[in-house]
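Now for the letters of each chain:
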Amino acid sequence: MVSKETFNGSVEYVQVMDENGNVDQSLFPQDLKDEQIVEMLKWMILTRALDAKTLSLQRQGRVYTYAPLVGEEATQVGTALAMRKQDMFVPGYRQHGVYLVRGASLEAHFMGWRGFEEGLKVPKEVGGLPVSVPVGTQILHAVGLAFAQKYKKQDSVVLGYTGDGGTSEGDFYESLNFAGVWKVPVVAVVENNEWAISVPRSHQTAAQTLAQKAIAAGIKGVQVDGNDVIGVYKVTKDAIESAKNGMPVMIESMTYRMSMHTTADDPTKYRDPKEVEYWKARDPIDRVRKYLTAKNLWNADIEAKLAEENSKRINEAVEKAEAFKGDPKSMFENAYSFVPETLQEELDDAEANNFWQ
Amino acid sequence: MLNAINNALDLSMKADENIVLLGEDIGKDGGVFRVTDGLQAKYGENRVMDSPLAESGIIGTSIGMAIGGLHPIPEIQFAGFMLLGFSQLLNHAARYRERSRGAFTVPMVVRTPVSGGIRALEHHSDSPEILYSHIGGLIVVEPSNPYDAKGLLMMAATMNDPVLFLEPTKLYRLFKQEVPEDAYTIPIGKANRIAEGNDLSIITWGTMVPVVRNVVDKKKLSADIIDMRTINPLDEQAVLESAKKTGRVLIVHEASLSFGAGAEISARIAEKAMFELKAPIMRVGSPSLPYPLPGYETAYIPNEKKVAQAIDKLMSV
Ligand SMILES: Cc1ncc(C[n+]2csc(CCOP(=O)(O)OP(=O)(O)O)c2C)c(N)n1
Ligand SMILES: [Mg+2]
């Protein structure tokens, strides 16, 4: 008879900058310059401004159902800035900040959330796939995309995003498992914002951490303070390096959904406002602002000027997006690599009879 | 219709303690459409469960519960996500009874919102009735009004079969209708003739029922309107009777045209009543394409104009 321990795993939690803007020098990435931290702050501020604008347009009926990201800026901006130009990403439906940092246009953002597929034509240089709504299913695409990179001997790593709820889907477990078996250059980013609509993280799984799900798949799992942009940046840089070298990583970025799930949701039905207050004191933007202000690299004037620039850029994008009316014909022309005869007949019929008017 | 469904669940749970509800956000939140509002407070977390976010899990565990003597009524938040549980439905729920010669049965009702017209996000507006009807072994029901919704759901909750209960989101709040407070059932597998006439037969269900009604009223047509209510099994008799009487048939559904339920109905009429027809059978459906993002939605769903033109064409033959 034999009885012995055959496995023993653990999960590391990383925080570089705390909620007051104090940094742990031993963890601080040595190559990270002050200007880069200023850039991080600027991206987070733009991301939040874009989010607020989209929400207000939704309230005026100028955008359809929208998933706000406020509170999750550090996770999105931090992971996106850690990517190299040639890296790629596969988002869910809340990662507006990732698109922004990667160079997608503000106009495309508004076109997509105004319900036009034309907003989902992500330019190649952005390196991202379109928004994905079926929760937790798209990380499999990230794994396949990573396989293709490896196969074609491209030096590029793929980041796949999902939420805490997404980690309950079978597809999510399958993706980690494939990543481990194939040893492909992939990083799964779990944007753990504590809620999946009305279901809290604690009801989603009995596991103590989400990161430990990686361990069962034989890949690396790590937790990071998802409101600490420097911590997120550092952990993602390390993960990209690891994935490149054949060890995929799952990052559990611990943040908080400050707003409603989507504009169709009413969080007062299920969550205690005190919880929101707790997280407000851990705001991802405030702490960087404090840090840079103390270093004389930030002040109210800079911020006011930036706000003005941002709102000008955003308003111009809204104007352009609203000028786009869309042609229903495009539905028929894009389903296949060709237009089948029977479909052409449906199109001709619709046009001849003016069904669209 | 929201309230009628809530009421049907409530009455069914009161009558049968083996009924349990599970699904994403159905408890405290009362479901994203509020269909299950108040039920967790009334029946407790043991009978109204917020499940982890996993559709295959929801349907798969429901199958086990059903075999174990319960009568689960799982909710899938939107029909698009039921596809993550497709294997459980087709490979297991549809087959248990048949392959065990009745030794194992799966009494459950899978509720899910379907169809478009509410400017929702991608994957929230599909009309998938035919995906589940094609296989055999699954009953597929789709009410078009509050009265039918309550009676059909209460019936489904007593049957020893897996029933898919498709709830058109557009109709959740579209119109009010007096619904009796007490329990009642409506037979599954029976269509309802909601208007009577002599010149043509319009066969429809779900979101298209009010569209068809409006066209018939505006054009002052003498038409039979048949609301199928159950897609599988099909009430062939109701269809044939009407087809033979009027000699002209139009089938209208929101699901895309190609390989839709309209094709099945049309084939049955052609096989069994062809020589009593005065004109070719016609169909109206959405384009044979995936459901678009909301910006193109109104160009996609069949509207009154499209239905009216099909009627004109049918009547001109
Ligand atoms: C497969 C699937 N099931 C259900 C839904 C409906 N739904 C949309 S978002 C959501 C919660 C997702 O929570 P989480 O993964 O934590 O991401 P978050 O929205 O918090 O960013 C649900 C249930 C969906 N979009 N896809
Ligand atoms: Mg979440």
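Model, not experiment: these values are computed from the prediction. (Residues numbered from 1 in each chain as written. Chains lettered and ligands numbered in written order. Predicted model: local features only at pLDDT ≥ 70, side-chain atom pairs only at ≥ 80, totals over all residues. Heavy atoms only, no water.)

## Describing empty space enclosed by the protein
Put simply, the test is: Only protein atoms enter the 1 Å grid used here. Points where a 1.4 Å probe fits but cannot escape make up a cavity, open sets with protein on both sides within 12 Å along at least five of seven lines make up a pocket, and a residue lines them when an atom lies within 4 Å of a point. Grid points are joined across faces, edges and corners, and a volume is the space filled by probe spheres set on the points. Secondary structure elements are defined from DSSP: runs of H or I of at least 4 residues count as helices, runs of E of at least 2 residues count as strands, and each element is numbered from the N terminus. Basically, the charged four are Asp, Glu, Lys and Arg, the nonpolar ten are Ala, Val, Leu, Ile, Met, Phe, Trp, Tyr, Cys and Pro, and anything else, Gly included, counts as polar.
If you walk through the whole model with that rule in mind, you get four cavities of 30 Å³ or more. Approximately 370 Å³ is the volume found for the largest cavity. Along the wall of the largest cavity there are 25 residues; nearest its centre are Gly 112, Trp 113, Gly 119, Leu 120 and Val 131 of chain A. Residue contributions to the lining of the largest cavity peak at four residues, all from helix α4 (residues 106-113) of chain A. Here the residues of the lining of the largest cavity sort into 16 nonpolar, seven polar and two charged. Within this model, the second largest cavity holds a volume of roughly 50 Å³. Contributing to the lining of the second largest cavity are Ser 115, Ser 127, Glu 129, Glu 142, Trp 205, Gly 206, Thr 207, Met 208, Glu 254 and Ala 255 of chain B.

## Considering the domain arrangement of chain B
Residues and elements named next belong to chain B. Test applied: Throughout, the edges of the domains are those of an automatic or database domain assignment. Put simply, buried area is how much 1.4 Å-probe accessible surface two parts lose in total, over both of them, once they are put together. The working definition used for a salt bridge is a side-chain nitrogen of Lys or Arg within 4 Å of a carboxyl oxygen of Asp or Glu. Here a polar contact is recorded for every N or O atom pair within 3.5 Å, except that within protein the pair must consist of a potential hydrogen donor and a potential acceptor, and residues adjacent in sequence are included only if both atoms are side-chain atoms.
Under the domain assignment, chain B is made up of domain 1 (2-171) and domain 2 (192-315). The distance between the C-alpha centroids of domain 1 and domain 2 comes to 27 Å. Around 1900 Å² of area is buried between domain 1 and domain 2 when both sides are counted, 54% of it from carbon and sulfur atoms. Taken together, the links from domain 1 to domain 2 amount to one salt bridge. Between Arg 229 and Asp 148 there is a salt bridge; the shortest N-O distance is 3.2 Å. At the junction of domain 1 with domain 2, the criterion picks out 12 residue pairs in polar contact (both at pLDDT 80 or more). In terms of residue class, the side of domain 1 that touches domain 2 is built from 11 nonpolar, eight polar and seven charged.

## Considering helix α14 (residues 341-352) of chain A
In an α-helix, one turn spans 3.6 residues, which is why side chains three or four residues apart end up on the same side. Residue and element names in this part refer to chain A. Condition: The span you would expect from a helix comes to 1.5 Å times its residue count less one. Each residue is placed in one exposure class: buried if its accessible area under a 1.4 Å probe, protein chains only, is under 20% of its type's maximum, exposed if it is over 50%, and partly exposed if it falls in between. Directions from the helix axis toward the C-beta atoms define the arc.
For α14, spanning 12 residues, the distance from its first C-alpha to its last is 16 Å, which sits close to the expected 16 Å at 1.5 Å a residue. Among the residues making up α14, those that are buried are Leu 343, Glu 346, Leu 347 and Ala 350. Here the buried residues of α14 occupy an arc of 95° about the axis, which is enough to place them on one side. Exposed positions of α14 whose direction lies more than 90 degrees from the buried face are Glu 341, Thr 342, Glu 345 and Ala 352.

## Some details on the packing of aromatic side chains
The condition that has to hold: Here the aromatic set is Phe, Tyr and Trp, taking the six-membered ring for Trp, and pairing holds for ring centres within 6.5 Å; pairs whose planes are under 30 degrees apart are stacked, those over 60 apart are edge-to-face, and all others are tilted. Each ring is checked for a lysine NZ or an arginine CZ that lies within 6 Å of its centre and within 35 degrees of its normal; such an atom marks a charge sitting over the ring.
Considering all chains together, one arrives at 19 aromatic pairs over all chains under this definition. Judged by centre distance (5.3 Å) and plane angle (90°), the rings of Tyr 66 of chain A and Trp 113 of chain A are edge-to-face. You can see Tyr 66 of chain A sitting in the loop between α1 (34-59) and α2 (73-82) and its partner Trp 113 of chain A sitting in helix α4, a full 47 residues away along the chain. Seen from their ring centres, Phe 116 of chain A and Tyr 296 of chain B are 5.2 Å apart, and the 75° between their planes marks the pair as edge-to-face. Separated into two different chains, Phe 116 of chain A in the loop between α4 and α5 (139-151) and Tyr 296 of chain B in the loop between β12 (282-286) and α13 (297-300) make up a pair that spans both. For the pair Phe 116 of chain A and Tyr 296 of chain B, a shared accessibility class is recorded, and that class is buried. Three or more aromatic residues link up through ring pairs in this structure, and these residues are Phe 147, Tyr 151, Phe 178 and Trp 182 of chain A. The positively charged end of Arg 282 of chain A is found above the aromatic ring belonging to Tyr 278 of chain A, 3.7 Å away from the centroid.

## Looking at the coordination of the magnesium ion (ligand 2)
All names here are of chain A. We count it as follows: Distances up to 2.8 Å from the metal define which N, O and S atoms are donors, and 3.2 Å serves for Na, K and Ca; water is absent from the atom set, so sites may look incomplete.
Looking at the magnesium ion (ligand 2), one finds its protein donor set to be Asp 164 (OD), Asn 193 (OD1) and Trp 195 (O), positioned 2.0 to 2.1 Å from the metal centre. Mapped onto the sequence, the donors of the magnesium ion (ligand 2) take the spacing D-x28-N-x1-W. Of this pair, Asp 164 sits in the loop between β3 (158-163) and α6 (170-182) while Asn 193 is found in the loop between β4 (186-192) and β5 (195-196), placing the two residues 29 residues apart along the sequence. Considered together, Asp 164 and Asn 193 belong to a single accessibility category, that of buried residues.

## Structural notes on the environment of Ile 63 of chain B
Residue and element names in this part refer to chain B. Short version of the rule: The contact definition used throughout considers only heavy atoms, calling two residues in contact when any of these lie within 4.5 Å.
Tracing the backbone shows Ile 63 in helix α3 (residues 55-67). The exposure class assigned to Ile 63 is buried, which follows from its relative accessible area of 3%. Those residues in contact with Ile 63 that sit more than four places away from it in its chain are Gln 88, His 92, Ala 93, Tyr 96, Val 106 and Met 108.

## A few points about unusual backbone geometry
Each neighbour pair has its own omega, and for Asn 232 of chain B with Pro 233 of chain B the value is 0°, a cis peptide bond. Note on placement: Pro 233 of chain B falls in the loop between β10 (230-232) and α11 (236-246). Positive phi is not limited to glycine here, since Lys 183 of chain A has a value of about 55°. Mapping Lys 183 of chain A onto the fold places it in the loop between α6 and β4. Lys 183 of chain A sits in the partly exposed class, given a relative accessible area of 48%.

## Here's the deal with the pairing of β12 of chain B
All names here are of chain B. In plain terms, the rule: Any two strands with at least two DSSP bridges between them are considered paired. By the criterion used throughout, a crossover qualifies as right-handed when its path from the first strand across the helix to the second strand runs clockwise, the strands pointing away from the viewer.
Of all five residues in β12, four are buried; the element is thus mostly enclosed. Note: strand β11 (residues 249-256) against β12, four bridges, orientation parallel. Bridging across to β12, Ser 256 finds its partner in Ser 286. A crossover links β11 with its parallel partner β12, the connecting element being helix α12 (residues 261-273), and its sense is right-handed.

## Regarding the pairing of β4 of chain A
Residue and element names in this part refer to chain A. Of all the seven residues making up β4, seven are buried; the element is thus mostly covered by neighbouring parts of the structure. The alternating pattern of β4 places Val 186, Ala 188, Val 190 and Asn 192 and Val 187, Val 189 and Glu 191 on opposite faces, both of which are buried. Sheet analysis places β3 next to β4, joined by six bridges and oriented parallel. Across the sheet, residue Gly 163 finds its bridge partner in β4, namely Glu 191. Following the backbone out of β3, through α6 and into the adjacent parallel β4, one traces a crossover that is right-handed. Here β4 pairs with strand β8 (residues 249-254) via six bridges, running parallel. Note on β8: the bridge partner recorded for Asn 192 is Met 254.

## Here's the deal with the site of ligand 1
We apply this condition: Summary of the distance rule: residues count as near a molecule or strand when at least one heavy atom falls within 4 Å of that molecule or strand. For accessible areas, the Shrake-Rupley method is used with a probe of radius 1.4 Å. Any residue's cover is judged against the shown protein chains and nothing else.
Tyr 93, Arg 94, Asp 164 and Gly 165 of chain A together with Glu 55 of chain B are the nearest of the 21 residues found near ligand 1. Site remark: ligand 1 is flanked by residues from chains A and B. Within the side chain of Tyr 93 of chain A, a nitrogen or oxygen atom sits 2.5 Å from an oxygen atom of ligand 1. Contact distances for ligand 1 include 3.4 Å between a nitrogen atom and a side-chain N or O atom of Gln 77 of chain B. Calculation on ligand 1 without its partners gives an accessible area of 570 Å², and the protein chains cover 96% of this total. Residue composition of the shell around ligand 1, by class: 10 nonpolar, six polar and five charged.

## A word on the interface of chain B and chain A
Taken residue by residue, the interface counts 37 residues in chain B and 43 residues in chain A. Summing both sides of the interface, chain B and chain A together bury roughly 3300 Å²; the carbon and sulfur share of this comes to 61%. Here chain B is connected to chain A by one salt bridge. At the junction of chain B with chain A, the criterion picks out 14 residue pairs in polar contact (both at pLDDT 80 or more).

## Here's the deal with the sheet that holds strand β8 (residues 200-204) of chain B
Sheet strands line up and pair through hydrogen bonds in the backbone, either parallel or antiparallel. All names here are of chain B. In plain terms, the rule: Whenever a helix is involved, its axis is fitted only over the stretch in contact; in every case the axis is a line through C-alpha atoms, and angles between N-to-C directions fall within 0 to 180 degrees.
Across the sheet, five strands lie side by side as β7-β9-β8-β11-β12; this open sheet has mixed pairing. Each edge of the open sheet carries a strand with a single partner, namely β7 (192-195) and β12. Each neighbouring strand pair of the sheet contributes to a mean axis angle of 25°, computed without reference to strand direction. Here three bridges tie β7 to strand β9 (residues 223-227), and the two strands are oriented antiparallel to one another. Opposite Asn 192, over in β9, you have Asp 227 as the bridge partner. In the packing of α11 onto the sheet, contacts are made with β7, β8, β9 and β11, and the angle to β8 comes to roughly 155°. This element, α12, spans β8, β11 and β12 of the sheet and lies at about 155° to β11.

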